[in-house]
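Below are the chains, spelled out letter by letter.
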Amino acid sequence: MNLDLLRPEICLAVTAVVVIAVDLLCRHKWLVTVVSIAGLLASAGLALSLSGGASQSIGNGLFALDAYAIYFKFLFLGITLLAILASVDYVNRLPKLNGEFHALVLTAALGAMLTAAAQDIISIFLSIELTAISLYALVAMLKNSKSSESAVKYILLGAVNSAILLFGLALVFGFSGATSLHGIWQAVHSIRPENIAENAGFLLGSALTLSGLAFKIAAVPFHMWAPDVYEGSPTPITLFLSTVSKLAGFSILARFVIMTMSFQSDALSNTFGITLAVISAASMTAGNLLAIKQHSIKRLLAYSSIAQSGYMLMLIATAPINSSPSTDGYGYSLLCYMIAFALAELAVFTVIIIASKHADHDTTDDYAGLAKRSPLLACAMTLGLLSLMGMPPLVGFLGKFCVFIEVAQHGLVWLVIIAVVNSVISAYYYLKIIRTIWMEAPASTDNIKSSIAPKLVLLVSCFGLLLFCVLPMLLIKYFEWLGLHY
Amino acid sequence: MTHILSVIIFLPLVAAIALAFLPRLPAKAIKYSATAIALAVLAMSLHLFANFDRSLSGMQFEVINPWIPALSANYHLGVDGISLPLVVLTALLGLVSMLISWKIETRIREFFIWLLVLESSILGVFCSLNLLLFFIFWEIEVIPVYFLISIWGSGSKRNSAMKYVLFTLAGSALMLAGIVCTYYVTGSLEMYVLEPGNGMGSIAMVPVMSSVPIFFMFLAGFAVKLPVVPLHSWQPDTYSDAPIAVNILLSGALAKMGAYGIIRICISLFPQSSQRYAPIMLTLAVIGIIYGGILALRQTHLKRLIAYSSMSHMGFVLLGIFALGQTSMVGASLQMVSHGLITALLFITAGIVIEKTDKPAIASMGGLARQMPATATFFVLAGLGALGLPATSGFAAEFTTLLGSFSSTVVDSAQWFTAVALLGVLLSAVYILWTIQRVFYGPALSGFDNVRDAGKLERFYCGLLVIIIFVIGICPTILTSVIQNSVTGIVSWMGG
Amino acid sequence: MHISSITPEFIWAILWLPLAAFAVIAPLIRPFPGKAEPASFISIAAVGVSFVLSCWLLISVWNADGHQILVNGLNWLSITNGPVFNFGLLLDPLSAIMLVVVTSVSLMVQIYSRAYMHSDASYRRYFAFISLFTASMLGLIMSANLLSTFIFWELVGLSSYLLIGFWFHRPSAVAAAKKAFLITRIGDIGFLAALLLLYSRTNTLDILTLNSSAVTAVLSGSVLTLAALGLFLGAVGKSGQFPLHIWLPDAMEGPTPVSALIHAATMVAAGVFLVGRMYPLFEAAPHALTVVGIIGAFTAVFAGTMGLVMKDIKRVLAYSTISQLGLMFLGLSVGGVWVGIFYLFNHAFFKALLFLGAGSINHATGTFDMREMGGLRKKLPWTCACFTLAALSLAGIWPLAGFFSKEGVLAAVWDKQPVLFAFAIVTTFLTAFYIFRVVFMVFAGKYRGEQHLHESSKSMLLPMLILAVPALASGWLNANGGFEGLFEGHATHGFLEGIVGLLAHPLAWISLATAGLGILLAYVMYIKVWIKPDRLKGGLHPVYAILTRKYWMDDLYENLIARSLLYRGAFQIAQWFDHVVIDGATNGVAAITKAAAKHTSRTQNGALQLYALVAVMGALIIALVVILV
């Protein structure tokens, strides 16, 4: 049980504990932030030392340490670091919860990293629950009626879904006889097409696991919780929910689909592929349609992130069709799209964190004339929204373009058409926000003050958005350095 | 000198970014620097025009370096006989629109930033030879136009800007699907490589997915821009609500992107499908000519009238392109340049009239020739160009197009379409003369006595455009010598 | 005496001089409000030199071999494996004579205009447009390529538009200019269609090659007829023949010298010239010439009848021009090129003289309405003499030019198309009647207006007197068959024998008799007043009403076709279609998406139980799909 392979995760856990201690002992609240940032950086350093090696399993098969897991480790650490930096002012406004906020964010990040690396049914469920529980507490942070109502919704629906997930995993284990994904893969591969009937239990199990994971990424049939929770919870947590928790869900969903759905008979894998494609098309269309009528900016962004998860799901729908066991089958497009999505969400939500005065409900009109009040925020928001829309000079377009090419490569051209039409519908409501920012008279005249850290986050994300489209070679070199091959 | 194309495209973009970050620039400095940049771009494009080798039919001044090798998308620029005149036209119209915008007072810096970004994106479209690069420049153009119309426009500027953006995005979404399918079918995004002539195996040959749907995806994307009849409802609103400087670039350069796209992608990459579906497109072209003419006659708002007349003239371009004949294609490219100049002059003079009398409706105008003789003369000259009077570029272009499409051997039914298109020539005479009579001639109305005529600067660039229109009209070989060889390349696959 | 043949530079000079005059005067239009004189000097000098050169050209063409000079010109447009157009000059008897006519009439009219337009504010603009017109008319005559003919053809149309609408502050003038341009434009579309047709069959537009290919039957059958009819449609538009004639009477809104130059002598003759120039095409096309003849004959009578009732001198002269042009087309269709062109040659001079006379009458009485004139012969003796002389020549009285050309047409019509001969004779009678109705109403009787009458100034009378000479003598040119010889090239007979000998021919007496009858009827009605005109009007009221309403042709075109059928009918439907269907469709798509959005968002009502239910149902559906499918 070579624990030293789990160095980054252990370091993060230790930091979480130290943060709580620091919060108790000393009066300077900024020290807490410094410690958590130091912990994150240390964990990143440790993860750096692990990367590059051959892919191996930790704890006899519980967790995998391959390039795919390391990519996600760096992704989650990076997002958490930027999220904490972005919420420095926000957290100062509620001093007593400073320590808890940082600790829970770190544990959620830890859970996400473990989810990405999980390779065994048990470790999958454990890490998902770790992330979920720390997020339940974070959502309820604000203690006002709206925040607690959304927290209760999130907890109850989360519980329902954990039950579905657990039931599914149990069935999968029952019929395949193995708990590790590789074992399941061998079992699945040996099923001959004609005796599918008696393995119906296995199919039911994988379908239910799919539904459980779909809840995590807020795909359509399970997206109902997203708008209320995103609106109710404090903005940094909404940022965290829509990036780290969603991408963690995607990482494990991708791994699960690759491992358990590559049947010999392509009839079966086609049905899974088509169901995933239908779910993705549904979430794209529903997400975009619902976003049109929204006035509250956080609900609108919730729907837009549902639509974005639809786009990402498109690629996972192609996974069952090619049956190579390794997760490298995705190539760079999904991973590149995730980076683009994360950067865009960071930019947009940081602007909301800085600009929003009243905690829970702010409509798009509150952002009227933002350009006159602070050009930096307006530019960052516009760049973020344009990247979400898929406008060319930004990395969002490159991500979308690569995803479309991958999906077309697998013959799902009808899905590409739907996605393309959806991006036009999404253009409508993104442009409505951009219009309110740039063209209306400023809603209020007090200028927006914010410390250096959030501005730094804005600069980093805008720079990332613009740079990667002009020089995509950097991204590709980064993937190659990680060990992923195309 | 090899990287001159990159410099031409990115100079305005860099200038725009510089303008954005320089603090506290006085209005005059912004205006002069933006005009200087536009002038430099024009000078460089004229330099290109001068040393363009008229005998070659392939690409010149080419630049290729890898950009995203994974997708075989490399940064490939090049100019040939069809795109070079359009580059020069865009540079010229860019300079003219800068000069016009000296009258803008509100948020001057942003206006010039967006104008420079718009100009560089249009130049990018005309020079890029890689489908991905082409699409990126094609999409960049949407945002500046949206901002320019919705902030500095007039009338119901907000929703005509939104209408324009959604229409263009819908068109380009279809185009994106087309590009993706082309990549999927042939595995390469290089326009020049994909052309059947270069042995890369034309798209039509690959059985995996028939090339007809891809052809129509691209065609729909370009048809929105052109605008072809059923997809034109954005044009009158956008043209009547946009500020004059944007109007010129919209009608002068952006409409040509659609036509250029059709020639460069639909015709060159899909010769068989374009030949098979030419009659349908010819019908749309002729409908566009007649329909545009009829509706122009019915308009009461001066700029909407010019918008519909521009649609009718672009119908001629489509007629010339899809007649797939050597002369008709040369005529179509000539018509693109001449229509750009003439409509720009029409819009400038209409803008001066509306600005000085601040009444866009034609009914409220009359007898302005006495108060505004210079503007009246320029409008009449532009109008004569629009109705295709000999000695103006309008006639040279229209005659070559009609001649080419009438005698085109490739599409046998082209003769009947050209015969009907002749009615369009008559219609354009009707609505142009009707407008001149209502706006400029007739008894001088007392309300306009204190109306000032066009200023010195306005006379300068109106005169410049008039001179160019007449030079091309009197001796069209300046342009046709450039265009003809690259058209032979394209038409040869058609057996034209 | 042997004069060296004209060199190409001078031939080009004929065309470039007026164009240069236009180019010099045009920019001067505004800056110097002061002295306006130089403009007229430049323009008159240019036309004068052109006139001398074209006389020299006529002589050189006379003794050039085959009576033809070809000058190859500059390349206008050439496309690789596509069309190659280079514009040269073709000088043969037809164009040489037309050159002389155009330059001489233009010179006289410009000298006349110096005085006529003296008080006008935009004096320079007038002379600029007149030189532009002269240049484009000369270009039209001399061009060797049908495309350059078409280019100058449209430039002539443009300058007529600019000159008709010269006083653009008068709405009626502007409307007339627009009407003229549009109606001639319809004709031009026919011309353009013919060009396209000819090019698509022979890949060239060079006149000589086209004519020879028509003769050698390379071009034949329905294509040739269609092309010929297309060219004829262009000619009908420009010369104001039957279907497209309504613009010519309204074109009288322009200044009188303009009407004299453009709408009497030169531009309207362009149609006849075009048919003459492409005559082999018409000859080879089976039915084209008969169509030309029929239209010509019908227009002659049709316009002649309308000329009877007009009250405005210029309108009468306009209808008379249309009628005479009808006769020219008739002459062309039956007698060959020289008959039509000889008629055109004479007609140009005396019709220009009539218009200049009308201009000087207007200068004196300040109006064109004949009811306010009368008894002007005492106050305007010279104008009266010239006007009456030209009237006699128009009516076709023996020693004058009109008689000889009319005789040529009648003789040709008599032996080729006897049916149309009746039309010709009726036209002769009508012409004689309405021109002498004008003469008697204007010069005879006592003055009905109250203006202080005075004879026009010398600089107006001089050109009229100079024009009177050819009006008198131009007929004698063909006395010895010289004019005909120039075209058909057979021998010439004695001079006197030509003039007097013609009288021996019975036809001459028939035409003289009908002309005399017409003059007598006019004399009886307007001098002796045995038959009171207004009682006649009462008696033949329906006929009179039809004629004054110009057979309702104007209303048919303008109100019925243009306004109600097209503008308020078809075009309104198109606009409704565009508004409702196209805009409706786009807004509809937007509305659908909005409605869909509204419905789906209603499901988000915040009820926790609903969310859980949807989640579980979703899971179940996925499981079922996976198992069953």
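So, how was this worked out
Residues numbered from 1 in each chain as written. Chains lettered and ligands numbered in written order. Predicted model: local features only at pLDDT ≥ 70, side-chain atom pairs only at ≥ 80, totals over all residues. Heavy atoms only, no water. Helix = DSSP H or I, 4+ residues; strand = E, 2+ residues; numbered from the N terminus. Buried < 20%, exposed > 50% of the residue type's maximum accessible area, 1.4 Å probe, protein only. Contact = heavy atoms within 4.5 Å. Areas by Shrake-Rupley, 256 points an atom, 1.4 Å probe, with all protein chains shown as cover. Lys, Arg positive; Asp, Glu negative; His and termini not counted. Charge placed at Lys NZ, Arg CZ, Asp CG, Glu CD. Buried area = accessible area lost by both parts, 1.4 Å probe. Salt bridge = Lys/Arg side-chain N within 4 Å of Asp/Glu carboxyl O. Nonpolar A, V, L, I, M, F, W, Y, C, P; charged D, E, K, R; others polar. pLDDT = per-residue confidence, 0-100. Axes fitted to C-alpha atoms, helices over the stretch in contact; angles between N-to-C directions. Parallel < 35°, antiparallel > 145°, perpendicular 65-115°, else oblique.

*Asks:* Looking at this model, I keep getting lost on the overall build of chain B. Mind explaining?
*Replies:* The secondary structure content of chain B amounts to 21 helices and two strands. The buried share of chain B, taken over its 496 residues, is 72%. Taking contacts inside chain B between residues at least 6 apart in sequence as the whole, the part at least 24 apart equals 82%. When the accessible surface of chain B is totalled, it reaches about 13300 Å², and 69% of it is carbon and sulfur. Taking the average place of the 24 positive charges on the side chains of chain B and the average place of its 19 negative ones, the gap between the two points comes to 10 Å.

*Asks:* Even after reading the chapter, I still don't get the interface of chain B and chain A, so can you show me in this structure?
*Replies:* The interface of chain B with chain A comprises 35 residues on the first partner and 34 residues on the second. In total, chain B and chain A occlude about 3100 Å² of area from one another, counting both sides; carbon and sulfur atoms represent 83% of this. Area buried by chain B at its contact with chain A is led by Arg158(B), Val180(B) and Tyr184(B), which between them contribute 18% of it. Scanning the region where chain B abuts chain A turns up one salt bridge. A salt bridge links Glu440(A) to Arg158(B); its shortest N-O distance comes to 3.8 Å. Listed by contribution, the elements that provide at least two residues to the side of chain B that touches chain A are strand S1 (60–68), helix H5 (131–140), helix H6 (142–152) and helix H7 (157–186) of chain B. Ranked by the residues each element gives to the side of chain B that touches chain A, the list is headed by H7(B), at 15 residues. Its residues assigned to classes, the side of chain B that touches chain A shows 30 nonpolar, one polar and four charged.

*Asks:* Explanation requested: unusual backbone geometry in the structure shown.
*Replies:* What you tend to see is this: most non-glycine residues have negative phi, and most peptide bonds are trans. Residues and elements named next belong to chain B. In this structure, Pro227 follows Leu226 across a cis peptide bond, with omega equal to -25°. Within the secondary structure layout, Pro227 lies in the loop between helix H9 (211–225) and helix H10 (234–241). The phi torsion at Ala391 lies on the positive side, around 75°, for a residue other than glycine. In this fold, Ala391 is placed in the loop between helix H17 (373–386) and helix H18 (393–406). We classify Ala391 as partly exposed; its relative accessible area is 22%.

*Asks:* Looking at this structure, I do not really get the confidence of the model for chain B. What am I missing?
*Replies:* Detailed reading of the predicted model is not advised wherever pLDDT is low. All names here are of chain B. When pLDDT is averaged along chain B, the result is 86; 96% of the residues meet or exceed 70. Within chain B, helix H3 (residues 83–100) carries the highest mean pLDDT (93), whereas helix H8 (residues 191–194) carries the lowest (67). Note on the complex model: pTM 0.88, ipTM 0.85.

*Asks:* Whenever I open this one, the packing of helix H10 (residues 225–232) of chain A against helix H11 (residues 235–260) of chain A confuses me. Can you help?
*Replies:* Two measures define how a pair of helices packs: the angle their axes make with one another and the distance between the axes. All names here are of chain A. Closest axis-to-axis distance for the H10/H11 pair is 8 Å, and the angle between their directions is 135°. Taken together, the axes of H10 and H11 lie oblique to each other. Where H10 abuts H11, its residues Trp225, Val229 and Tyr230 lie against Thr238, Leu241, Ser242 and Lys246. Partitioned by chemical class, the residues of the contact of H10 with H11 number four nonpolar, two polar and one charged.

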